[in-house]
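Notes for the structure review
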Amino acid sequence: MVSMKDIAAACGVSVATVSKALSDHRDIRESTKQQIRQKADEMGYLPNLSARYLKTNRSYNIGVLFDDAGGSGLTHDFFAGVLQSFKLEAERKGFDVTFLNTTSSEMSYLERARYRGFDGVAIACFDYRNPQIQELLHSNVKTVTIDYVADNRTAILSDNEDGMDQLMQYVIGQGHRRIAYIYGDYSRVTRYRLASFYRNMEQAGIPVKEGYVREGLYRNIELAYRLTEEFLGLEEPPTCILYPDDVACFGGINAIKAKGLSVPADISVVGFDGIRAAQYEEPRLTTFAQDTEQLGKLAADSLIEEIEHPMTTAPDIHMVKGKLLTGQTVRRI
């Protein structure tokens, strides 16, 4: 079996340097780390996990707690991308990733995290008010939250306010004044987007017409379909409708087509998220693409930093920028 001593001899460095490089210590140059890791891979080095656990008192296993309101699981386009990136980055740094079961169990999330010996837990869910989620957040288990801000915890957020700003400025710039908005489940993310919608309308001197802002649900095609029908039945229907996400937007497009109308010739639509499927539709959807890769990577890096350097790492809020995809579903009027 290949040992650290063998790798050290092959690289011409000390065993201590090899150990630090494989543990991703900050006092080793990145070029040296890459050289040592490459040599370790070539030689077929496998770390002794039991010895590493006894030495560091860490399991090198991170839990992921994911539960969305719609029960879509890993078919959820946005979170699937975030969690895949999280997994790849954590594994690159030598950590295993295990999903915390969200189905019924005699043990709470906190009890399961402790039972499995997780070094930390990444939380991505809709209902952070759940007592079990709150119990986990207020425990001594290291956690990072995705799309939510909790007291004294690192949070990774997509810059939803900036995303909505870009969408609104684009729609208004295309000449639209009768703009409707179906917002998603009420949450911090939704509040950011709603505030941006009203602020941009106010700054442009455009009054928000009565009945033009309606509460919907994220990723709910049926509700988006029904609310769109109601918009189209108004005496003065909107010229553009913004939806809470790309999936809900498909429901709106279906309702528009069912009325014998077309997008964008008769009415314009806008999504949010930038899921891949929406970019292969015809016409290509106008939306805001969230950077799922960066969100997941940053969540993994932040949690591992706290695990490995608990005394020098403070909770922080990280905002991740996305980009506007102008698409073809907003016509100029």
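That block above? That's the structure.
In this report, we go over the structure that sits alongside the text. (Residues numbered from 1 in each chain as written. Predicted model: local features only at pLDDT ≥ 70, side-chain atom pairs only at ≥ 80, totals over all residues. Heavy atoms only, no water.)

1. A word on the overall build of the chain
Our working definition: Helix and strand definitions here come from DSSP, where helices need a minimum of 4 consecutive H or I residues and strands a minimum of 2 consecutive E residues; each element is numbered from the N-terminal end. Here the term buried applies to any residue with accessible area under 20% of the maximum for its type, exposed to any over 50%, and partly exposed to those in between, with areas from a 1.4 Å probe on protein chains only. Whether two residues are in contact is decided by their heavy atoms, any of which lying within 4.5 Å being enough. The method behind every accessible area is Shrake-Rupley, applied with a 1.4 Å probe, and residues are considered shielded solely by the protein chains displayed. All tallies of charge rest on Lys and Arg as positive and Asp and Glu as negative; His and the ends of each chain are not included. In plain terms, the charge of a residue is placed at NZ if it is Lys, CZ if Arg, CG if Asp and CD if Glu.
The helix and strand tally for the chain stands at 12 helices and 12 strands. Projected onto its principal axes, the C-alpha coordinates of the chain cover approximately 80 × 45 × 35 Å. The buried share of the chain, taken over its 333 residues, is 47%. Taking the contacts inside the chain whose residues are at least 6 apart along the sequence as the reference set, 67% of them involve residues at least 24 apart. Summed over its atoms, the accessible surface of the chain is roughly 16,700 Å², and 48% of this surface lies on carbon and sulfur atoms. Side-chain charges in the chain split into 38 positive and 45 negative, and the spacing between the mean points of these groups amounts to 4 Å.

2. Some words on the packing of helix α1 (residues 4–11) against helix α3 (residues 30–43)
This is how the line gets drawn: Axis definition: a line fitted to C-alpha atoms, over the contacting stretch in the case of helices. Angles run 0 to 180 degrees between N-to-C directions. Note on angle classes: values under 35 degrees are labelled roughly parallel, values over 145 roughly antiparallel, values of 65 to 115 roughly perpendicular, and the remainder oblique. Put simply, a crossing is left-handed when the front helix is turned counterclockwise from the back one by less than a right angle, and right-handed when it is turned clockwise. Classes in brief: Ala, Val, Leu, Ile, Met, Phe, Trp, Tyr, Cys and Pro nonpolar; Asp, Glu, Lys and Arg charged; the others, Gly included, polar.
For the pair α1 and α3, interaxial distance at closest approach is 10 Å and the crossing angle is 120 degrees. Between α1 and α3, the interaxial angle falls into the category oblique. Crossing handedness for the pair α1 and α3: right-handed. Of α3, the residues touching α1 (which contributes D6, I7, A10 and C11) are Q35, I36, K39, A40 and M43. When its residues are assigned to classes, the contact of α1 with α3 shows six nonpolar, one polar and two charged.

3. Considerations on the packing of helix α5 (residues 77–92) against helix α12 (residues 292–308)
Between α5 and α12, the shortest axis-to-axis distance is 7 Å and the interhelical angle comes to 45 degrees. With respect to their mutual orientation, α5 and α12 come out oblique. Where α5 crosses over α12, the handedness of that crossing is right-handed. The residues of α12 that touch α5, namely those facing F78, G81, V82, S85, F86, E89 and A90, are T292, E293, L295, G296, K297, A299, A300, D301, L303 and I304. Split by residue class, the contact of α5 with α12 holds nine nonpolar, four polar and four charged.

4. Focus: unusual backbone geometry
Peptide bonds are, in most cases, trans, and in most cases residues other than glycine have a negative phi. Between V263 and the following residue, P264, the backbone shows a cis peptide bond with an omega angle of 0 degrees. As for its placement among the helices and strands, P264 is situated in the loop between α11 (246–258) and β9 (268–270). Cis rather than trans, the peptide bond between E282 and P283 has omega equal to 0 degrees. Within the secondary structure, P283 is located in the loop between β9 and β10 (287–289). For Y60, which is not glycine, the phi dihedral falls at a positive 55 degrees. Positionally, Y60 belongs in the loop between α4 (49–56) and β1 (61–67). One non-glycine residue, N152, lies in positive phi territory at about 60 degrees. You can see N152 is positioned in the loop between β4 (143–146) and β5 (154–158). Taking the relative accessible area as the measure of exposure, N152 reaches 69% and is therefore exposed.

5. A closer look at the environment of A277
Examined against the element boundaries, A277 turns out to sit in the loop between β9 and β10. Since its relative accessible area comes to 41%, A277 is described here as partly exposed. Distance from A277 to K39, taken between C-alpha atoms, is 40 Å for residues 238 residues apart in sequence.

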